[in-house]
Amino acid sequence: MSDFSSGNIDICHQYNLADHGLRLKIKVKPFMGHQTILVIGDNFRHQLGKFQRVDYADPLSEHMTLADIMDEAIEEFETSDWPSKGNLLEWVVRIHGVAILNQDQEPDFRDTHKEGWVRLDDKGNICEIVSRTIPEGFFDYIECSINSWKLKSGAKAYVFDRYDDFPASDGFAGSAQKAAIDFEGMRDLVQHHAACRWDSAAEVRGSMVWKPFSYFWEKYPNQNCSGDPYSDVIKEWQEQTGVEAILCQARKGAFYPDERMPEFEREIWNFFWNDHAHHSIDLLLLSKIEYIRRFDIHKFLKYNLIIKNSVLIEERNQKELFDSLPNESLLTLVYVYS
């Protein structure tokens with residue numbers, strides 16, 4: 001997985017306001033929106049605390065660290081020609097978001113000084129500037145579980161929201177021990193829908209075959225997938241009788257999910273029946289067996305990151321990863337806002 005290099009877990013970013021000679025550290029969110037995290041090990045909420053941004057974290061979190069930013073703040077102030085920057089104290093409070101703390105005053109970690117402080121001595125001079133941060137923080141808060149684990153009969157597991165956990169009641173859960181998860185049953189669901197999709201396409205196309213999108217795209221070397229060349233290629237590809245038959249079936253609204261489908265199965269259904277992109281339709285040129293073999297549960301467990309025992313790890317082959325875990329390992333799919 002490339003999140004380590006793509007910037008999705010950066011904590012902050014150096015933003016250069018060159019017009020004013022100002023270089024300051026500001027918080028940004030390279031990956032804004034939602035993402036799903038696979039947490040391996042007990043107490044997923046505690047594990048995730050190490051990666052939560054200060055703004056939303058428990059003010060007394062054990063993962064909070066103190067950083068002396070006195071020299072950095074002074075250098076920024078002295079080298080900046082930012083208009084109306086005021087004095088150093090005003091600058092530090094405004095730019096670094098820290099609150100004033102008097103000489104003999106204890107910081108209020110729960111509220112006023114949650115993000116840090118600038119301490120004044122008995123003469124009103126700055127003697128300390130401290131920032132509180134969670135160095136590896138990259139998400140804001142937990143929203144809920146992604147209930148994709150199909151459970152074995154009688155297994156106990158949980159679903160959860162931002163604050164509470166609840167026993168799973170419909171055969172699927174977001175947090176379960178490996179031994180409780182019916183991986184084979186999940187694969188059977190994937191293979192069932194893959195087979196149904198192939199059969200449906202075979203029914204409307206009969207013996208018709210077509211040339212894949214790549215055949216037409218080769219006519220336009222060194223082109224991006226946008227603009228007129230792409231539109232021309234798509235048009236040529238779509239006008240083939242076999243492709244047209246499959247797309248026509250989709251336009252007629254032939255496919256509707258069963259409203260009783262669990263979340264995981266609905267995800268599979270949408271993948272096979274609502275994806276009409278050229279790369280998906282061209283896969284239907286494969287034999288039925290080859291087509292089914294193309295898909296496994298890893299395509300539908302849509303986690304972006306893996307945290308194992310409070311350590312962010314790179315994704316390995318999913319089957320190898322799961323096979324390597326003890327049966328008592330707790331696997332939790334967490335939907336977070338970043």
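Each remark here, short or long, concerns the structure printed above.
Below, the structure is looked at part by part. Please read all numbers here as calculations on a predicted model, not as lab measurements.

1. Brief notes about the overall build of the protein
Piece 1. Tallying secondary structure elements over the protein gives 12 helices and 16 strands in all.
Piece 2. Within the span of the protein, comprising 338 residues, buried residues form 43% of the whole.
Piece 3. Looking at the protein alone, contacts between residues at least 24 apart form 65% of all its contacts between residues at least 6 apart.
Piece 4. In the form shown here, the protein has an accessible surface area of approximately 18500 Å², with 48% of it arising from carbon and sulfur atoms.

2. Digging into the packing of helix H3 (residues 70–79) against helix H4 (residues 88–96)
Two numbers describe a pair of packed helices, the interaxial angle and the distance between the axes.
Piece 1. It is the contact of H3 with H4, at a shortest axis distance of 10 Å, that shows an interaxial angle of 110°. In terms of orientation, H3 lies roughly perpendicular with respect to H4. For the pair H3 and H4, contact is made by Glu-72, Ala-73, Ile-74, Glu-76 and Phe-77 and by Leu-88, Trp-91, Val-92 and His-96, respectively.

3. Some details on a negative patch on the surface
Piece 1. Among the surface-exposed residues, Asp-68, Asp-71, Glu-75 and Glu-78 lie close enough to one another that they form a single negatively charged patch.
Piece 2. Within the fold, Glu-75 resides in helix H3.

4. A few points about the packing of helix H5 (residues 183–205) against helix H9 (residues 263–273)
Piece 1. Viewed as axis vectors pointing N to C, H5 and H9 meet at an angle of 25°, and their least axial separation amounts to 10 Å. The orientation of H5 with respect to H9, classified from their angle, is roughly parallel. Considering only the axes of H5 and H9, their crossing is right-handed. Residue-level inspection shows Met-186, Leu-189, Val-190, His-193, Ala-194, Cys-196, Arg-197 and Ser-200 of H5 in contact with H9, the latter providing Phe-264, Glu-265, Ile-268, Trp-269, Phe-272 and Trp-273.

5. Examining H5
Piece 1. End to end, H5 covers 33 Å across 23 residues, agreeing with the expected 33 Å (1.5 Å per residue, within 8%).
Piece 2. Of the residues flanking the end of H5, it is Gly-206, one or two places downstream, whose phi is positive at about 60°.

6. Here's the deal with unusual backbone geometry
Piece 1. If you check the backbone angles, Asn-43 has positive phi at about 50° while not being a glycine.
Piece 2. Here Asn-43 shows up in the loop between strand S3 (34–40) and helix H2 (44–49).
Piece 3. We note that Ser-84 has phi near 55°; this positive angle belongs to a residue other than glycine.
Piece 4. Within the element layout of this structure, Ser-84 appears in the loop between H3 and H4.
Piece 5. For Ser-84, a relative accessible area of 72% translates into the label exposed.

How each quantity is defined
Residues numbered from 1 in each chain as written. Predicted model: local features only at pLDDT ≥ 70, side-chain atom pairs only at ≥ 80, totals over all residues. Heavy atoms only, no water. Helix = DSSP H or I, 4+ residues; strand = E, 2+ residues; numbered from the N terminus. Buried < 20%, exposed > 50% of the residue type's maximum accessible area, 1.4 Å probe, protein only. Contact = heavy atoms within 4.5 Å. Areas by Shrake-Rupley, 256 points an atom, 1.4 Å probe, with all protein chains shown as cover. Axes fitted to C-alpha atoms, helices over the stretch in contact; angles between N-to-C directions. Parallel < 35°, antiparallel > 145°, perpendicular 65-115°, else oblique. Patch = residues over 30% accessible without salt bridge, like charges linked within 9 Å, V, L, I, M, F, W, Y side chains within 5 Å. Salt bridge = Lys/Arg side-chain N within 4 Å of Asp/Glu carboxyl O. Lys, Arg positive; Asp, Glu negative; His and termini not counted. Charge placed at Lys NZ, Arg CZ, Asp CG, Glu CD. Left-handed = near helix turned anticlockwise from the far one by under 90°. Expected span 1.5 Å × (residues − 1).

It is worth stressing that arrangement in space is one thing and function is another; only the former is reported here.
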